[in-house]
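Per-entry structural report
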Amino acid sequence: MIVEIADFKVAPEEQSVFCEQLQRGVREVLSQARGYLGHRVLACSETPSRVVLMVDWRSLEDHTVGFRQSPAFAQWRAIISPFFAAAPQVEHFVPSAD
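Residues numbered from 1 in each chain as written. Predicted model: local features only at pLDDT ≥ 70, side-chain atom pairs only at ≥ 80, totals over all residues. Heavy atoms only, no water.

Burial within strand 3 (residues 50-57) is extensive, with seven of its eight residues counted as buried. Where strand 1 (residues 2-10) meets strand 3, eight bridges bridge the pair, whose relative direction is antiparallel. By the bridge assignment, Ala6 is partnered in strand 3 with Leu53. The pairing of strand 2 (residues 36-43) with strand 3 spans seven bridges and is antiparallel. Following the sheet pairing, His39 is matched in strand 3 by Val55. A loop of six residues connects strand 2 with strand 3, the two strands running antiparallel in sequence. (Buried < 20%, exposed > 50% of the residue type's maximum accessible area, 1.4 Å probe, protein only. Helix = DSSP H or I, 4+ residues; strand = E, 2+ residues; numbered from the N terminus. Pairing = 2+ DSSP bridges.)

Right under this line is the structure:
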């Protein structure tokens, strides 16, 4: 499993509507992608312009190739990108063994 962490910057007054659209995008598009295992959305309390999306993928390729190189990615971006104040920072993490 791999965890994608996408750090979004939005206008502070749009944080709640962005979170709603983000959940819509997950429900309608992202959750249908091959290898999608689940997600969490975190809205920052101290910095209302910041929202983090954590997505569990079966493999790195499921995200970077299977999803990002598919037509579904354009649908996803059409739903969420109108709220971007800056390009999102996206990185992938491997859960550590406890």
